[in-house]
Structure formats: C-alpha cells, structure tokens
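Each chain, written out:
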Amino acid sequence: MLSDPAIAELLQNLAKLYVQRLPEETRLLERLTQELIDSGPELEQLETLRHQLHGIAGSAGTFGFQEITDQAREVERQVRALIKAGHPVDGTDVLVQSLSGLIEQLKQAAFADTASDPLVADVPRYHARQPQLWLVEDDALQAAEIISVLEQFGYAIRWFEAFADAEEAAACERPDGLILDLVFTRERINAAERLTRHSPLVRLGVPVIFISATDSFQARLTAVRMGALGYMLKPLDMPRMVDRLEAVLEQDRPVAYRVLIVEDDLLQGQHYAAVLSASGMVVETLNEPTQIMDRLSDFRPDLVLMDIHMPECSGADLAGLIRTYDEWLSLPVIYLSAETDLDQQLMAMGRGGDDFITKPISDTRLVASVRVRAARFRKLDSLMARDGLTGLLKHSRIKEALEVEIARAERNAIPLSVVMLDLDHFKQVNDTYGHAAGDQVIRAMAHMLRQRLRKSDLIGRYGGEEFIIILPDTTAQVATRVIEETLERFKALRFTADPGEFQVTFSAGVASTADQILPASLLNMADKALYQAKSAGRSRVQRFIPEGNTDD
C-alpha cells in the first residue's frame, strides 16, 4: 500500500468514482450492442463501438479490474477484424455474444468494494530540503573555516570535534554526506584504521570526503577503499571543496522530473498524476489537446505522457504538431495507451513519438518507466544545453529561456526581473593566478548562484565571466536584495593559488518589468545597469530605473 495516506485516499476516491461511472458506460455499450443487432454491422457504427471498447480496456485495469480489460481487448479485436473486412457480414453473432459477456462483467463491477483493493506500490516520496552534512574534525579553527564557507553556499553543517561522538550519532541519525579528517590527535585515532565495514560511519552509506595533510598513494588508496568520493589536502581550497561536494551529492540527490499527462479520461489522468506525484515528480494533466503548446511553454516538462485515441485530436497528430516547433524537437513523447495493434503503434511512433507503454500498467512499472525515460532526456538535454565548466545554461539557451519567461510573464501579468552579472577584474585573476584558478572562481560563482536562488530561477553563463539570471514573479527590489546578499557571501570567499590567497567580487545590473520596462528591453536595461555599477566602482548591484520612475 502507498505510504502517504493522502495519496492513498485520493487513489481510493478515484477508484470509487470510476465504479460510479460504470452504469453509464454499461448503458452506452448496451445501446451500441442493440443498434448492432437491429441494423447490422455498419462501418461507422463499428468504429464508435471500437472507440468505446478501447476506452474500457485502458481504464478498467488502471482501477483494478484486469478481467474487464482482458475481455474488452478481446471484443475490440473482434470489432477490428470486422472493420478490416471492409464489408462486415459474418461474425456478428459471436460479437454480440462477447459484448453480452462484457456488459455482464461491467454490471458486476458496479457493485465492487474498492476499499480493500491495493492501488499503488510503496514508492519513495521526494522532499526538497537543505543538504545536511556532518563535519568530523578535531581542529576547531579548521572546522570554523569549513563551516563558515559551506554555510555561505547553503549547506547545513553539524560539527563533531570527537570521532567517537560522530560514531555514536551515526547509530541513530543519517546525514546527506560526511567530511572527515583522517587523523584525530587528541583521541590518537587514525580514521583510516577505524573505518572498517562494521564502523557506524561506513554503514551510513553516504558520500564521504576525506581531508588530510598527507598526500601519498597509500593514503589515497586507503581512503578510496573506505568509500571516499573525494580527498582534499590541507590547507583546504574551499571553492574546490564546494565543487567536489556538489558533484558527489548530486549523484544521490532525488530529481523532481516534470511530467505532462495528456489524457481525455479525467479519472485515469488524475490516477497517473497521483502515482507519479507520490514518487516525487511534478505532474500536470491536460485533457484539452488544443492547449498543448501553451501548457508546454508554461510547465516546461521533461516528458509528455500521451494517450493515442482522443476524441478531437489523436495522440499521433498531437505529437506531430509538437515536432513542428524547433524548441520541442527533443522532448520525449511517450504514448500511454490500450492500443495493442503493432501497426497502429508503429504508425504513432512514426508521427513523433519516442516510446510506447501499454495500458493498463502497474503503478510501480509506470513510475520506473517514466523515471528512466525522463532521466535519459535530462542527461541528453544537459549535454546539449549546459556549459561544461559550470553546468549552467549556455548563451543561446538562456536567451531562449528569457523569451519563454517574458511570454509567460505577459500572459499571467506577473513581474519578471533579469540580472546581468560580471566578475570584477577577472582578467587580473587569470593573469596573476592562472586559468585554472580562474575556472575555480567561475565554478564557485555558479555553485553559489544555484544554492542561493530558487529552483524556478534560471541561470546562464553568458560569456567568459558574465552570467544572466532570470527571476520570474520577482520585482526589482527583491531581485536587488537577493543579489546583494549573494555578493556579500561571495566576496567573503578566499581562493587559494600560487602565489597566495585572493578574493573576488562581482558587479550586477537589475532590470524588471515591474518598473515599466518593456519586456523586450529587459536584457539591454540590465546591461546598462551593470555598466553603471562598474562605473560607480564595481562590487555593487545597480538597479535600472527609467526616467520618471522613483524607487519604492
């Protein structure tokens, strides 16, 4: 059974609603059967009957009536055979008999008790939260430095000064990751010797990064054998530490995939949405195909689940329409349908679909199928759209995203703010400390922006050391405050490189539609504000205010 009571109750209620609509479906099927008896098997009539049977085959199994699905499929096969004959004459008696059997099953199902039916497998729920890290370090000054920097990047740190205290806590608590010193002088403990398979810290099964003053093949080999995913040398390069932390934590971080379900059967659409939501996905449903492009632009899904047979527009036609837009050429479109005819499936795939899932499908398999396909798309999209150094959107993609967000803001009458950000005196960093140090600064900037901003905000690397930030539903005042707070945290970072430590600041310009700036001019106005910030001495955030406007 599903572990979340609210989702379980929702699915139970959907099943009850399905049972309540069975008498209506039964009456419609009885009418079609009587027409078949009275007037004979006409092609138009058979198509209507086939569509009705197809819907029953897809929905019954979803709500726990697999026998009805099997019978409906068999009757639909008979109807298809008569349609294919072109001039259906024979086979009517057998078809009527099969229909009578299906009608009887539907009548019995109308009195079914759905209260005890298990509806969905126990799937893990996703809860977005601040990453929790344990720092096990007996040097208080070193620990204070690590905590200060990591908290700037949005991590929650719990410090253990004693190795034994961390082992005791591991017996009943579990962080997202460990940062662990190898040598504890006061306790006379070598962590590499204590971390056997039976150690509570090892049994946590979380990513571990070791910190040590010793750099040797044997020390690193021992750390790897103890499950280390990182090995950082003292004195610590904190931006590099943050870089490694984000990389190792990303491997285990649940991803909230975005799924759009296009389904004309409202109950089925709600059932699938509830199941996928319970597994941690963000789901929207659509039962009006003509709204598909607006919904894609607003929702930006990772994957579309689409029925093939819908009244006004087939799934194959809709997939083909989506492919006429360059922006959505690579979006996975997965058909979820009761269609079992291979020729029909291949036809639909040829019109723009990527895969085919046959209804009914178990809830566990539905979650697994969607997750695998969404993960594959997100990985491919990341390779094409993301900057290799920072993982942020590339120049062209962030400009495309801005156009989408401008359209969304205009449709919904909400403010939109854009920030142009540039690292100060970055050429001097490269010239003095080398390009490797410069890359560290750029990655640190990207990490901090990701940690400080909302998931709905969009960040792109516009040029070498330039970034664009898009903040939907945000006024200039709020955007300015957020970027100013980010600046304070960023300029507190200390970077280490030959010939020594250094710090970096940035300048930023903010423009917002809330200040009566035309959406099409946002980027230019943010760029002008950035120029003003640099002219005023750098290391500041400048809001662009058109002439005649006053700051609230």
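Everything here concerns the structure above.
Just so you know, these numbers come straight off a predicted model, no measurement behind them.

**Student:** Explain the overall build of the protein chain here, please?
**Tutor:** When helices and strands are tallied, the protein chain shows 20 helices and 19 strands. Taken over 552 residues, the protein chain has a buried fraction of 50%. Restricting to contacts in the protein chain with at least 6 residues of sequence separation, those with at least 24 account for 70%. As presented, the protein chain carries roughly 26100 Å² of accessible surface, and 50% of it is formed by carbon and sulfur atoms.

**Student:** Looking at this model, I keep getting lost on a nonpolar patch on the surface. Mind explaining?
**Tutor:** Nonpolar side chains collect at one region of the surface, where L380, L383 and M384 lie side by side and expose about 300 Å² of accessible area between them. For L380, a relative accessible area of 47% translates into the label partly exposed.

**Student:** Explain the pairing of strand β8 (residues 258-262) to me, please; I cannot follow it from the model alone.
**Tutor:** Within a regular beta strand, the side chains point alternately toward one face of the sheet and then the other, so they alternate between its two faces. The buried fraction of β8 is high, at four of five residues. Here five bridges tie β8 to strand β9 (residues 282-286), and the two strands are oriented parallel to one another. Its bridge partner being in β9, R258 is matched across the sheet by V282. Note on the crossover from β8 through helix α11 (residues 266-278) to β9: the handedness is right-handed. The pairing of β8 with strand β10 (residues 303-306) spans four bridges and is parallel. Considered in β10, the bridge of V262 is made with M306.

**Student:** How should the layout of surface pockets be read in this particular structure?
**Tutor:** Take a probe with the size of a water molecule and roll it over the atoms, and the empty space left behind shows itself. Of the voids in this model, the second largest pocket is the one considered here, and its volume is about 360 Å³. Forming the boundary of the second largest pocket are 19 residues, of which R21, E25, Q52, G55 and D265 lie nearest the centre. Of all elements in the fold, only α1 (5-39) and α2 (43-62) reach the threshold of two or more residues within the lining of the second largest pocket. Top element by residues in the lining of the second largest pocket is α2. It accounts for seven residues. For the lining of the second largest pocket, the per-class residue count stands at three nonpolar, eight polar and eight charged.

**Student:** Please clarify how the packing of aromatic side chains should be interpreted in this entry.
**Tutor:** Geometrically, a pair of aromatic rings is defined through the distance of the ring centres and the angle of the planes. Enumeration according to the criterion identifies seven aromatic pairs in this entry. Relative to F356, the ring of Y335 has its centre 6.1 Å away and its plane inclined at 50°; by these criteria the two rings are tilted. Remark: F356 occurs in strand β12 (residues 355-358) and Y335 occurs in strand β11 (residues 333-337); sequence separation between them is 21 residues. Centroid distance F495 to F502: 5.4 Å. Interplanar angle 20°. Geometry classified as stacked. You can call F495 buried: its relative accessible area is 2%. Classification of F502 by relative accessible area gives buried; the value is 7%.

**Student:** What is the right way to look at empty space enclosed by the protein in this model?
**Tutor:** Per the stated rule, a full pass over the model turns up one cavity of 30 Å³ or more. Counted as a void, the largest cavity has a volume near 40 Å³. Taken together, L133, G177, L178, I179, P207, V208, I209, L245, V248 and L249 make up the lining of the largest cavity. For the lining of the largest cavity, the elements supplying multiple residues, two or more each, are β3 (177-181), β6 (208-212) and α10 (238-252). For the lining of the largest cavity, the residue count by class is nine nonpolar, one polar and no charged.

**Student:** Would you take a moment to explain the sheet that holds strand β1 (residues 132-136) for this structure?
**Tutor:** In a beta sheet, neighbouring strands are held together by backbone hydrogen bonds and run either parallel or antiparallel to one another. Spatially, five strands are ordered β2-β1-β3-β6-β7 in an open sheet, and the strand pairing comes out parallel. The open sheet terminates on both sides in strands that have one partner only, identified here as β2 (156-160) and β7 (228-233). Strand-to-strand twist of the sheet, defined as the mean angle between neighbouring strand axes without regard to direction, takes the value 20°. Pairing geometry for β6 and β7, over five bridges, is parallel. Looking across to β7, one finds that F210 is bridged to Y231.

**Student:** What am I meant to see in the sheet that holds strand β18 (residues 506-512) here?
**Tutor:** Read across the sheet, five strands follow the order β14-β15-β13-β18-β19 without closing on themselves; strand pairing throughout is mixed. In the strand order of this sheet, the two ends are held by β14 (458-461) and β19 (541-543), each with one partner. For this sheet the average axis-to-axis angle between neighbouring strands, irrespective of direction, equals 15°. Pairing between strand β13 (residues 416-423) and strand β15 (residues 466-472): seven bridges, direction antiparallel. Within β15, the position partnered with V419 by the bridge is I469. Where helix α18 (residues 435-452) meets the sheet, its contacts fall on β13, β14, β15 and β18, and the angle it forms with β13 comes to roughly 155°.

**Student:** How should the packing of helix α12 (residues 292-299) against helix α16 (residues 395-412) be read in this particular structure?
**Tutor:** The packing of two helices is summarised by the inter-axis angle and the distance between the axes. Relative orientation of the contacting elements α12 and α16 amounts to 110°, with a least axis distance of 9 Å. If you check the angle between α12 and α16, you find them roughly perpendicular. Classified by chirality, the crossing of α16 by α12 is left-handed. Only V404, R408 and R411 of α16 make contact with α12, whose side of the interface consists of D294, S297, D298 and F299. Broken down by class, the residue content of the contact of α12 with α16 amounts to two nonpolar, one polar and four charged.

**Student:** For this particular structure, what's the right way to read the nonpolar core?
**Tutor:** Across soluble globular proteins, you tend to see nonpolar side chains buried next to one another. If you look at the biggest cluster of nonpolar residues, it comprises 55 residues, and the most contacted ones within it are L150, L423 and F490. The biggest single contributor to this core is α18, with eight residues. Excluding residues within four positions of it along the chain, F490 makes contact with L423, V441, A444, M445, M448, F495, V504 and F506. Residues A15, L22, V96 and M281 belong to the second largest nonpolar core, which totals 51 residues.

**Student:** Whenever I open this one, the pattern of salt bridges confuses me. Can you help?
**Tutor:** In a structure, side chains of opposite charge can pair up when their charged atoms sit close to one another. As enumerated under the stated definition, the model contains 17 salt bridges in all. A salt bridge links D387 to R461, with the shortest nitrogen-to-oxygen separation between them at 3.2 Å. Separated by 74 residues along the polypeptide, D387 in the loop between α15 (363-385) and α16 and R461 in strand β14 bring together distant segments of the chain. Taking relative accessible area as the criterion, R461 reaches 17% and is therefore assigned buried.

**Student:** Explain the environment of P301 to me, please; I cannot follow it from the model alone.
**Tutor:** Within the element layout of this structure, P301 appears in the loop between α12 and β10. The sequence separation of P301 and L260 amounts to 41 residues, and the corresponding C-alpha distance is 6.0 Å. Not counting residues within four places of it along the chain, the set of residues in contact with P301 comprises R258, L260, L296, W328, L331 and F377.

**Student:** Is there a simple way to explain helix α13 (residues 315-322) in this structure?
**Tutor:** Side chains of residues three or four places apart in an α-helix project in the same direction, reflecting 3.6 residues per turn. For α13, the full list of buried residues reads G315, A316, L318, A319 and I322. Axial view of α13: buried residues confined to an arc of 160°, hence all on one face.

What counts, and where the lines are drawn
- Residues numbered from 1 in each chain as written.
- Predicted model: local features only at pLDDT ≥ 70, side-chain atom pairs only at ≥ 80, totals over all residues.
- Heavy atoms only, no water.
- Helix = DSSP H or I, 4+ residues; strand = E, 2+ residues; numbered from the N terminus.
- Buried < 20%, exposed > 50% of the residue type's maximum accessible area, 1.4 Å probe, protein only.
- Contact = heavy atoms within 4.5 Å.
- Areas by Shrake-Rupley, 256 points an atom, 1.4 Å probe, with all protein chains shown as cover.
- Patch = residues over 30% accessible without salt bridge, like charges linked within 9 Å, V, L, I, M, F, W, Y side chains within 5 Å.
- Salt bridge = Lys/Arg side-chain N within 4 Å of Asp/Glu carboxyl O.
- Pairing = 2+ DSSP bridges.
- Right-handed = clockwise from strand over helix to strand, strands pointing away.
- 1 Å grid on protein atoms, 1.4 Å probe; cavity = no way out; pocket = protein on both sides within 12 Å on 5 of 7 lines; lining within 4 Å.
- Points joined across faces, edges and corners; volume = space filled by probe spheres on them.
- Nonpolar A, V, L, I, M, F, W, Y, C, P; charged D, E, K, R; others polar.
- Phe/Tyr/Trp six-rings, centres within 6.5 Å; stacked < 30°, edge-to-face > 60°.
- Axes fitted to C-alpha atoms, helices over the stretch in contact; angles between N-to-C directions.
- Parallel < 35°, antiparallel > 145°, perpendicular 65-115°, else oblique.
- Left-handed = near helix turned anticlockwise from the far one by under 90°.
- Core = buried A, V, L, I, M, F, W, Y, C linked by side-chain atoms within 4.5 Å.
- Arc of directions from axis to C-beta.

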